[in-house]
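Residue-level listing of the chains:
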Amino acid sequence: MIKTVIFDIGNVLVDFSWWPYICSIYDEETARVITDAFWKNGYWEEFDRGVLSYDEIVALMEKAAPGYEREIHTALENAGGCLHKMDYAIPWIKQLKEMGYQVVFLSNYSEFLMELNPEVLDFLPYMDGGLFSCHAKLIKPDLAIYQRLCEKCGLIPEESLFIDDNAANIEAAKRFGLHAIRFEGYEKSYDAIMRFLTCNVERK
């Protein structure tokens with residue numbers, strides 16, 4: 001019996017549109033160089049992990065793209081522009097709460113993005129808590145972060161449904177013992193998720 005719905009945030013409750021953002025400030029070649037410097041070696045994930053300092057991570061990115069130091073700094077300073085609100089986030093959370101579910105979040109998310117664009121997280125007061133990776137010093141799909149969330153929020157894995165857009169995170173959640181559904185956009189996934197929860201209610 002599902003009692004808790006766990007939401008990822010990026011590309012589930014918040015639109016994270018990196019490529020359109022970076023292409024809006026740089027030509028395609030520069031955008032690709034910077035994007036590779038951020039993600040190819042996992043340096044962006046270090047922001048989410050919250051162990052290294054901002055300056056330490058930026059130094060790694062600069063080393064990965066020599067000659068693009070100024071562009072890297074500009075891209076990071078304005079990175080809040082890649083985040084956009086999802087109009088359905090608060091109504092969906094409210095609907096689930098009205099159905100009797102506890103609603104929490106588990107997200108790979110960095111302090112610096114929170115500071116750059118806090119407005120996109122306006123749904124957090126409607127939730128029952130959750131865990132940001134930067135506070136746990138862990139990132140998905142490490143099984144330890146699912147354990148940390150359950151301990152923090154008092155969750156029982158088999159009574160919880162996890163929703164995430166990343167296939168690796170979904171598989172890890174299932175290995176941990178959570179029910180899990182991959183999010184493939186609100187229009188495609190909302191009905192499937194709500195049907196799953198409706199069947200769960202009927203089985204009570």
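Being a predicted model, the structure only gives us computed values, none of them experimental.

A. A look at the pairing of strand 1 (residues 4-7). Here strand 1 shows two buried faces, one formed by Thr4 and Ile6 and the other by Val5 and Phe7. When strand 1 meets strand 4 (residues 102-107), the two strands line up parallel, connected through four bridges. Following the sheet pairing, Val5 is matched in strand 4 by Val103.

B. Quick peek at the environment of Leu83. You can see Leu83 is positioned in strand 3 (residues 83-85). What makes Leu83 buried here is its relative accessible area of 5%. With 69 residues separating them in the primary sequence, Leu83 and Val14 have C-alpha atoms 6.7 Å apart. Each residue touching Leu83, except ones within four places of it in the same chain, is listed here: Val14, Asp15, Phe16, Tyr109, Leu113, Asn117 and Val120.

C. Focus on the pairing of strand 7 (residues 179-182). Bridge count for strand 6 (residues 160-164) against strand 7 is four bridges, and the pairing is parallel. Looking at the pairing, Phe162 lines up with Ala180 of strand 7. Between strand 6 and its parallel partner strand 7, the chain crosses via helix 10 (residues 167-176), and the hand of that crossover is right-handed.

D. The arrangement of the packing of helix 1 (residues 18-25) against helix 2 (residues 28-39) in detail. Running from N to C, helix 1 and helix 2 cross one another at 135°; their axes reach a closest spacing of 8 Å. Judged by the inter-axis angle, helix 1 sits oblique to helix 2. Note on packing geometry: the crossing formed by helix 1 with helix 2 is right-handed. When helix 1 is examined against helix 2, the residues Trp18, Trp19, Ile22 and Cys23 are found in contact with a partner set consisting of Glu28, Ala31, Arg32, Ile34, Thr35, Phe38 and Trp39. For the contact of helix 1 with helix 2, a count of residues per class yields eight nonpolar, one polar and two charged.

E. Layout of the sheet that holds strand 1. Strands sit in the order 5-4-1-6-7 across an open sheet of five strands; the sheet is parallel. Edge positions in the sheet fall to strand 5 (130-132) and strand 7, since each of these pairs with one other strand and no more. The sheet shows a mean angle of 20° between the axes of neighbouring strands, taken without regard to direction. Bridge count for strand 1 against strand 6 is four bridges, and the pairing is parallel. Its bridge partner lying in strand 6, Thr4 is registered against Ser160.

F. Spotlight on the packing of aromatic side chains. Summed over the entire model, instances satisfying the criterion amount to 26 aromatic pairs. Ring centres of Trp44 and Phe47 lie 5.7 Å apart, and the angle between their planes is 80°; on these two criteria the pair is classed as edge-to-face. With Trp44 and Phe47 both in helix 3 (residues 43-49) and three residues apart, the pair spans about one turn of that helix. Here Trp44 and Phe47 have matching classes, each one buried. Both rings, one in Phe105 and one in Phe132, keep their centres 4.6 Å apart while their planes meet at 45°; by these two values the pair is tilted. Of this pair, Phe105 sits in strand 4 while Phe132 sits in strand 5, placing them 27 residues apart in sequence. Exposure remark for Phe105: the relative accessible area of 7% places this residue in the buried category. Taken together, the ring pairs connect Phe16, Trp18, Tyr21, Phe38, Trp39, Trp44, Phe47, Tyr54 and Phe112 into an aromatic cluster.

Calculation criteria
- Residue positions are given per chain, counting from 1 as you read along its sequence in written order.
- With the structure being a predicted model, the display of local features is reserved for residues of pLDDT at least 70 and the display and counting of side-chain atom pairs for 80 or more, all residues being used for whole-chain, interface and lining totals.
- Side-chain metrics in this entry use all non-hydrogen atoms of the structure; hydrogen atoms and water are not considered.
- Accessible area is worked out with a 1.4 Å probe on protein chains only. A residue is then buried under 20% of its type maximum, exposed over 50%, and partly exposed in between.
- Helix and strand labels come from DSSP, where a helix needs a run of H or I of at least four residues and a strand needs a run of E of at least two; each type is numbered from the N terminus.
- Any two strands are treated as partners once DSSP identifies two or more bridges connecting them.
- Whether two residues touch is decided by their heavy atoms; if any such pair falls within 4.5 Å, the residues are in contact.
- Seen with the strands pointing away from the viewer, any crossover whose path from the first strand over the helix to the second strand runs clockwise is right-handed.
- The angle between two axes is taken between their N-to-C directions and runs from 0 to 180 degrees, where each axis is a line fitted to C-alpha atoms and a helix contributes only its stretch in contact.
- These descriptions rest on fixed angle ranges, namely under 35 degrees for roughly parallel, over 145 for roughly antiparallel, 65 to 115 for roughly perpendicular, and the rest for oblique.
- Left-handed describes a crossing whose near helix is turned anticlockwise from the far helix by less than a right angle; the clockwise case is right-handed.
- When residue character is reported, Ala, Val, Leu, Ile, Met, Phe, Trp, Tyr, Cys and Pro are called nonpolar, Asp, Glu, Lys and Arg charged, and the others, Gly included, polar.
- Stacked, tilted and edge-to-face are the three classes assigned to paired rings of Phe, Tyr and Trp, where Trp is represented by its six-membered ring and a pair needs centres within 6.5 Å; plane angles under 30 degrees give stacked, over 60 edge-to-face, the rest tilted.

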